[in-house]
Amino acid sequence: MARRKLIYEGKAKILYDGPEPGTYVQYFKDDATAFNAGKKDVIEGKGVLNNRLSEFFMNGLQQIGVPTHFIKRLNMREQLIRQCEIIPLEVIVRNYAAGTMAKRLGMEEGTQLPRPIVEFSYKDDSLGDPLVPEEYIAAFGWASQQDLDDIVSIALKVNDFISGVMYGVGIKLVDFKIEIGRVWDNDFQRLVVADEISPDSCRLWDIETGRKLDKDVFRRDLGDLADAYTEVAKRLGVLPTNTAQMPKPTLIN
Ligand code: CDP
C-alpha cells in the first residue's frame, strides 16, 4: 500500500494528506508535552481519548451552528478534516483565573473573572507563544479587524457551549485555547474552529472536589493523565473505559 503523504508533524498530532482534495487526516499521538516541550512523556491512550473528545465537541459545535474543520472520525486515532489556513493565533478564553493569567496578575487560581475574557497569543514556539494585543494582530496582518470580531464571537460561542456541556456533568470550564482556520469557497473565506478541543487545551475542574481533569495533571505531576481524561470522557458518555488499561491482544502462534 502506498504511504500517505505527511503534511506536518506537531507535538501531539500529525497531519497527512486526505483521501479527497481539500481534506487532511489528523492523527492523535500519545505524546504529551508542556512548558513549550520542556517536559515530555508518552501517555498511553491519550491520543485515542483526545480523538474522541475532540470529535464530540466539534460535532456539538456544528450542531449549534458553529462551523469547524471536522468532517468525521475515521478510526481510534484519526479524523478526517477540511484543509484550512491556520491563523497564527492561539485564541484563549478564560472564565476563572489560572495558569499564566493568575501568575501575571498575581491572582489566586480559581478566582471567577467578571466576564469571560478572550486573549490572543502569537503562535510561535521559538518565542514561547507571546501574548499579543489586537492592535498587533491587525497591524501585522495576521487577521483583519473583521476577522478578529468574528473570532471573538466564535470563541464566546465555543465558551458557552463547552461551559454548558461541562456544567451538565459536574465540571467547571476554567479556560481553553482554540485555533481558527480560514476555508476558501471560491473567493469567499469562512472562519472555522480548527485543530482540536480536548483536555490538552482546556482547564477542567471537578465542580465538587476541584480535582483537575486536564493537562495540568501532567504539567504539575498530579497523577495519571489518561485516568483524568477518561473521567471526562466517561461523564460525557464518549468512552466508557481507559483504553490504556484494557487487556492487550495476545499473539497466537
Ligand atoms: O497553560 P499555560 O499556563 O502555559 O498558559 P495559559 O495561557 O494559562 O493557558 C490558557 C489555556 O489555554 C489552558 O487551558 C491551556 O491548556 C491552553 N493552552 C494551550 O492549549 N496551548 C498553548 N500553547 C497555550 C495554552
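What comes next concerns the included structure.

Cut-offs applied
- Residues numbered from 1 in each chain as written.
- Predicted model: local features only at pLDDT ≥ 70, side-chain atom pairs only at ≥ 80, totals over all residues.
- Heavy atoms only, no water.
- Helix = DSSP H or I, 4+ residues; strand = E, 2+ residues; numbered from the N terminus.
- Buried < 20%, exposed > 50% of the residue type's maximum accessible area, 1.4 Å probe, protein only.
- Contact = heavy atoms within 4.5 Å.
- Axes fitted to C-alpha atoms, helices over the stretch in contact; angles between N-to-C directions.
- Parallel < 35°, antiparallel > 145°, perpendicular 65-115°, else oblique.
- Left-handed = near helix turned anticlockwise from the far one by under 90°.
- Polar contact = N/O pair within 3.5 Å; in protein donor to acceptor, adjacent residues only side chain to side chain.
- Near = heavy atom within 4 Å.
- Areas by Shrake-Rupley, 256 points an atom, 1.4 Å probe, with all protein chains shown as cover.
- Nonpolar A, V, L, I, M, F, W, Y, C, P; charged D, E, K, R; others polar.
- Core = buried A, V, L, I, M, F, W, Y, C linked by side-chain atoms within 4.5 Å.
- Pairing = 2+ DSSP bridges.

All right, on to the environment of V91 then. In this structure, V91 sits in strand β9 (residues 89-96). Residue classification places V91 among the buried residues on the basis of a relative accessible area of 2%. Sequence-wise, V91 and R77 are 14 residues apart; in three dimensions their C-alpha atoms are separated by 25 Å. Setting aside anything within four residues of it in sequence, one finds V91 in contact with V118, E119, F120, I151, A155, F176, K177, I178 and I180.

Packing of helix α1 (residues 46-63) against helix α4 (residues 145-168) brings their axes to within 11 Å, and their N-to-C directions diverge by 120°. Classified by the interaxial angle, the pair formed by α1 and α4 is oblique. Helix-helix and strand crossings are classified by hand; for α1 and α4 the assignment is right-handed. Of the residues in α4, those in contact with F56, F57, G60 and L61 of α1 are V158, F161, I162, V165 and M166.

Moving on, we come to the side chain of K13. Relative to the elements of secondary structure, K13 occurs in strand β2 (residues 13-17). Note on K13: relative accessible area 13%, which makes it buried. One polar contact links K13 to D195, side chain to side chain, over a distance of 2.9 Å. Here K13 is in contact with Y8, Q26, Y27, F28, K29, D195 and E196, once residues within four sequence places are set aside.

Around the ligand, the surrounding shell holds 15 residues, and the nearest of these are E90, R94, T100, D175 and R219. One of the side-chain N or O atoms of R94 is found 2.6 Å from an oxygen atom in the ligand. Within the side chain of D129, one N or O atom sits 3.4 Å away from a nitrogen atom of the ligand. Protein coverage of the free-state accessible area of the ligand, which is 500 Å², stands at 79%. Listed by contribution, the elements that provide at least two residues to the shell around the ligand are β9, α2 (99-105), β12 (171-185) and β14 (202-206). A breakdown of the residues in the shell around the ligand according to their chemical character gives four nonpolar, three polar and eight charged.

Core analysis: the largest hydrophobic core is formed by 50 residues, its most contacted members being V158, I178, I180, V193 and I197. Per element, the largest residue contribution to this core is eight residues, and it comes from α4. When near neighbours in sequence (up to four residues on either side) are disregarded, I178 contacts L89, E90, V91, A155, V158, V193 and I197.

Turning our eyes to something else, we now look at the sheet that holds strand β6 (residues 70-73). Pairing within the open sheet is antiparallel, and its five strands lie in the order β1-β2-β3-β7-β6. With partners counted over all chains shown, the strands left at the sheet margins are β1 (6-9) and β6, one partner each. Here the strands of the sheet are splayed against their neighbours by 25° on average, with no regard to which way each runs. Of the strand pairs in this sheet, β1 and β2 are connected by three bridges, and their pairing is antiparallel. Bridge pairing in β2 places Y8 opposite L15. Most of the contacts of α1 go to β6, to which it runs at about 135°, and overall it touches β3 (23-28), β6 and β7 (78-82).

Without other data, these values stay purely geometric and don't point to any function.
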